[in-house]
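Listed below are the residues making up each chain.
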Amino acid sequence: MRHHVTLIPGDGIGEEVAEATLEVLKAAGVDIQWDHQSAGLAALYKSGTPVPKATLDSIRKNGVALKGPTTTPVASGHRSANVILRQELDLYACIRPVKSVPGVKSRYENVDLVIFRENTEGLYGGQELEVTKGTFVALKVVTEHACTAIANATFAYAAKHNRHHVTVGHKANILKLSDGLFLHRAYQVAEQYPGITCNDVIVDALCMRLVTDPSQFDMLLLENLYGDILSDLCAGLVGGLGLVPGANIGNDYAVFEAVHGSAPDIAGQGLANPTALIKSAVMMLQHLGEQTAAARIDTAVESVFLQGHVRTRDLGGQATTQEFTKALLAAL
Ligand code: ATP
């Protein structure tokens, strides 16, 4: 069956990892008609906006997109393309499976957890104002609707994927109303799932427990900012940002992208590890019902890491993006 998917290569290492991913998908024999669109800095230079209308229209038409990382300037400049996409398309659930990769040396060998990050509100509305001279306020928006939606998505995923425990990370000791609502809704939804246990941990203590023994966690349910921060922390537990995939899912659309950013420090040098985007594409194939191709790519990635000869620099090796991709194609 032919699929129609929007492709957004993005900025920085985006082109390099997207090219590698397309090669792998092609070799796996999946029939995809790609609609190439832009977002991020590239789009801003070309059309004056980080997310052109044509990009949104394409995703609305196709329902599914594969996206590389986009650059967002710090402390000034344009709004994040990611935030715009997630809010415009109501991609409220950000799903990031973090799993140890056999053959990849890291501090832990038995990590297998899934992060659910609320993707549309919290501090990410970017609503900031100067209330008096020298005093700024950033609005953290928390609604019953979004808290319920992300909690429902988390427990439904747990039930479907045979996971048994959800830990809610929060700061409801300080933010009693906003994080309090997030926590309260999670426990309410948990009542509908007697087979899945639910507990909560204050987010600072959660960081400490994660770096001490990540194997004690099964699923993490987090609001937007905590989910952002803990995603990178958890990537560090299994070997780094080059490995961890992600999906942004709403009721109508799905955008698959790696956890990592555009990595300007290594862009254009052929050093990027494409695994995170390739694994995001595996999640996309599962979403599209292409289970066989998804499993083939997954197995090929596993076997390259298990063989242990070909590694990109972030994992202590010497291989370029292309050399790694070549090894993956051979394994396929
Ligand atoms: P953002 O704000 O978009 O998250 P960032 O610059 O804070 O961007 P990343 O772009 O994710 O963060 O990069 C953080 C570090 O990880 C950089 O040193 C980068 O080189 C490295 N890195 C990220 N992704 C990869 C990758 N796919 N392969 C190799 N190294 C990577």
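Residues numbered from 1 in each chain as written. Predicted model: local features only at pLDDT ≥ 70, side-chain atom pairs only at ≥ 80, totals over all residues. Heavy atoms only, no water.

Draft legend 1. How the structure looks around the site of the ligand. Taken together, I13, L241, G242, H260, G261, S262, A263, D265, I266, A272, N273 and D314 form the complete shell of residues around the ligand. Within the backbone of S262, one N or O atom sits 3.3 Å away from an oxygen atom of the ligand. Against a free-state accessible area of 610 Å², the protein chains account for coverage of 61% of the ligand. Its residues assigned to classes, the shell around the ligand comprises five nonpolar, five polar and two charged. (Near = heavy atom within 4 Å. Polar contact = N/O pair within 3.5 Å; in protein donor to acceptor, adjacent residues only side chain to side chain. Areas by Shrake-Rupley, 256 points an atom, 1.4 Å probe, with all protein chains shown as cover. Nonpolar A, V, L, I, M, F, W, Y, C, P; charged D, E, K, R; others polar.)

Draft legend 2. Main features of the sheet that holds strand β2 (residues 32-36). If you trace the 10 strands from one edge of the open sheet to the other, you get β2-β1-β3-β12-β11-β4-β5-β10-β8-β9, paired in mixed fashion. The open sheet terminates on both sides in strands that have one partner only, identified here as β2 and β9 (197-202). The average undirected angle you get between the axes of adjacent strands in this sheet is 25°. In this structure, strand β8 (residues 165-170) lies alongside strand β10 (residues 219-222), joined through three bridges in parallel fashion. (Pairing = 2+ DSSP bridges. Helix = DSSP H or I, 4+ residues; strand = E, 2+ residues; numbered from the N terminus. Axes fitted to C-alpha atoms, helices over the stretch in contact; angles between N-to-C directions.)

Draft legend 3. Structural detail: the nonpolar core. In this structure, L25, L66, F116, L221, M284, L285 and I297 are the most contacted members of the largest nonpolar core, which totals 68 residues. For this core, the element with the most residues is helix α5 (residues 144-160), which contributes eight residues. No fewer than three residues from each of domain 1 (1-106 + 241-332) and domain 2 (121-237) sit in this core. The residues touching F116, leaving out its near neighbours within four places in the chain, are A93, C94, I95, I150, A153, T154, Y157, M219, L220, L221 and L222. (Core = buried A, V, L, I, M, F, W, Y, C linked by side-chain atoms within 4.5 Å. Buried < 20%, exposed > 50% of the residue type's maximum accessible area, 1.4 Å probe, protein only. Domains from an automatic or database assignment. Contact = heavy atoms within 4.5 Å.)

Draft legend 4. Molecular detail of α5. Relative to the 24 Å expected for 17 residues at 1.5 Å per residue, α5 spans 24 Å between its end C-alpha atoms, a close match to the ideal helical length. Among all positions in α5, only A146, C147, A149, I150, A151, A153, T154, F155, Y157 and A158 are buried. Considering only its buried residues, α5 is in contact with β4 (93-99), β5 (112-118), β8, α6 (178-190), β9 and β10. At the exit of α5 stands N162, carrying a positive phi of roughly 60°. (Expected span 1.5 Å × (residues − 1).)

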